[in-house]
Amino acid sequence: MKLYTDGGSLGKMVVYPDDTQDYTGNLRFSKYVAEYFNLEDCNYSENGGSNHRIARNLLEDISGYDAFIIVMCPMMRTEYYDKKWIGVRADTTKEELREQWDRYYKEIYSKEGALMEEKMHYNLIRLLLKETGKPYLIFEGGSPLKINWKYMRQDKFFYMGHFTPLGHKVIANDLIHRMSSSTPSLEMSDVMQCNPPSQK
């Protein structure tokens, strides 16, 4: 059985207060959740990932997975195709395209448009996961689940916009609690979800 996780760097990297980073996957929340439920940890999160990328990945064959955790990304991110998919953030673009993307973010991008994009991506993601009949959780990276975010902002849990090793354990415990209390087992379960901010 497999646990499918996708999102941005919040689901991929572990940071320490001394600015070092861990990408081994051994300390991230999806590994702890997968181990608890005896699942294989299949984490497709990418630094700078976008909701467009998450939705696109879910359009592939996902029938081989048994549970899903989706971490919604900041709504200003997107991606485009040029022989391969290339992620775009407001602060990082390819040098030769910087002028075009700078103009996009300064003159075309709007919060209203981004909120609508987020709603479309969220609802597509939700419907694709609901179709599987498997358990899933969707949460927005900035305010995960029932965690007290003000408390989590302390450096021992959260540093430079990412979870520390202890922060990943706290998130994992919360995810495990939600999945355990909502589902007697992962094989016979109700669909689970949490809405991103624009849906509240």
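Shown above is the structure to which this text applies.
Residues numbered from 1 in each chain as written. Predicted model: local features only at pLDDT ≥ 70, side-chain atom pairs only at ≥ 80, totals over all residues. Heavy atoms only, no water.

Some details on the overall build of the protein chain
Then, in step 1: Along its length, the protein chain carries 6 helices and 10 strands.
Then, in step 2: In the protein chain, 69% of the contacts between residues at least 6 apart in sequence involve partners at least 24 apart.
Then, in step 3: Put simply, the protein chain shows about 10700 Å² of open surface, and 50% of that area lies on carbon and sulfur atoms. (Helix = DSSP H or I, 4+ residues; strand = E, 2+ residues; numbered from the N terminus. Contact = heavy atoms within 4.5 Å. Areas by Shrake-Rupley, 256 points an atom, 1.4 Å probe, with all protein chains shown as cover.)

Points about the nonpolar core
Then, in step 1: The biggest cluster of nonpolar side chains holds 21 residues, and the ones touching the most others in it are Leu3, Phe29, Val33, Ile69 and Leu175.
Then, in step 2: Contributing elements (two or more residues each) for this core: α1 (29–36), β5 (67–72), β8 (136–140) and α6 (165–182).
Then, in step 3: Considering each element in turn, this core owes the most residues, 5 residues, to α6.
Then, in step 4: Those residues in contact with Leu3 that lie beyond four places of it in its chain are Ser30, Val33, Ala34, Leu39, Glu40, Asp41, Cys42, Ala67, Phe68 and Ile69.
Then, in step 5: One finds Ile54, Ile125, Leu129 and Tyr136 within the second-largest nonpolar core, a separate group that totals 17 residues. (Core = buried A, V, L, I, M, F, W, Y, C linked by side-chain atoms within 4.5 Å. Buried < 20%, exposed > 50% of the residue type's maximum accessible area, 1.4 Å probe, protein only.)

A word on the packing of aromatic side chains
Then, in step 1: Scanning the model with the defined rule gives 14 aromatic pairs in all.
Then, in step 2: Taking the centre distance of 5.0 Å and the plane angle of 80° together, the rings of Tyr36 and Phe37 count as edge-to-face.
Then, in step 3: Classification of Tyr36 as exposed rests on a relative accessible area of 53%.
Then, in step 4: A relative accessible area of 18% means that Phe37 is categorised as buried.
Then, in step 5: Arranged with centres 6.1 Å apart and planes meeting at 90°, the rings of Tyr44 and Tyr65 form a pair that is edge-to-face. Of the two residues, Tyr44 sits in the loop between β4 (40–43) and α2 (51–58) while Tyr65 sits in the loop between α2 and β5, which places them 21 residues apart along the sequence.
Then, in step 6: On the basis of relative accessibility, which here comes to 31%, the residue Tyr44 falls in the partly exposed class.
Then, in step 7: Chaining the aromatic ring pairs together yields one cluster made of Tyr80, Trp101, Tyr104, Tyr105 and Tyr109.
Then, in step 8: Above the plane of the ring of Tyr65 lies Lys2, whose end atom (NZ or CZ) is 5.8 Å from the centre. (Phe/Tyr/Trp six-rings, centres within 6.5 Å; stacked < 30°, edge-to-face > 60°. Lys NZ or Arg CZ within 6 Å of the ring centre and 35° of its normal.)

Section: unusual backbone geometry
Then, in step 1: At Asp19, a position not held by glycine, the phi torsion is positive, near 80°.
Then, in step 2: Here Asp19 shows up in the loop between β2 (14–15) and β3 (21–22).
Then, in step 3: The backbone phi angle of Asn38 is positive, close to 60°, even though this residue is not glycine.
Then, in step 4: Structurally, Asn38 can be placed in the loop between α1 and β4.

Let's talk about the side chain of Ser50
Then, in step 1: Tracing the backbone through its elements, the reader meets Ser50 in the loop between β4 and α2.
Then, in step 2: Ignoring sequence-local partners within four residues, the contact set of Ser50 consists of Cys73, Arg77, Thr78 and Glu79.

Comments concerning α1
Since the α-helix packs 3.6 residues into each turn, any two residues three or four apart lie on the same face.
Then, in step 1: For α1, the set of buried residues is Phe29, Ser30, Tyr32, Val33 and Ala34.
Then, in step 2: Of the residues flanking the end of α1, it is Asn38, one or two places downstream, whose phi is positive at about 60°.

Comments concerning the pattern of salt bridges
Then, in step 1: Applying the stated criterion to the full structure yields 5 salt bridges.
Then, in step 2: In this structure, the salt-bridge partner of Asp6 is Arg53, at a minimum N-O distance of 2.8 Å. In this pair, Asp6 sits in strand β1 (residues 2–6) while Arg53 sits in helix α2, placing the two residues 47 residues apart along the sequence. For the pair shown, Asp6 and Arg53 are each scored as buried.
Then, in step 3: Between Glu107 and Arg103 there is a salt bridge, with the nearest N and O atoms lying 3.1 Å from each other. On the criterion of helical spacing, the pair formed by Glu107 and Arg103 is a turn pair, its members being 4 residues apart in helix α3 (residues 98–108).
Then, in step 4: Residue Arg103 is classed as partly exposed on the basis of its relative accessible area of 48%. (Salt bridge = Lys/Arg side-chain N within 4 Å of Asp/Glu carboxyl O.)

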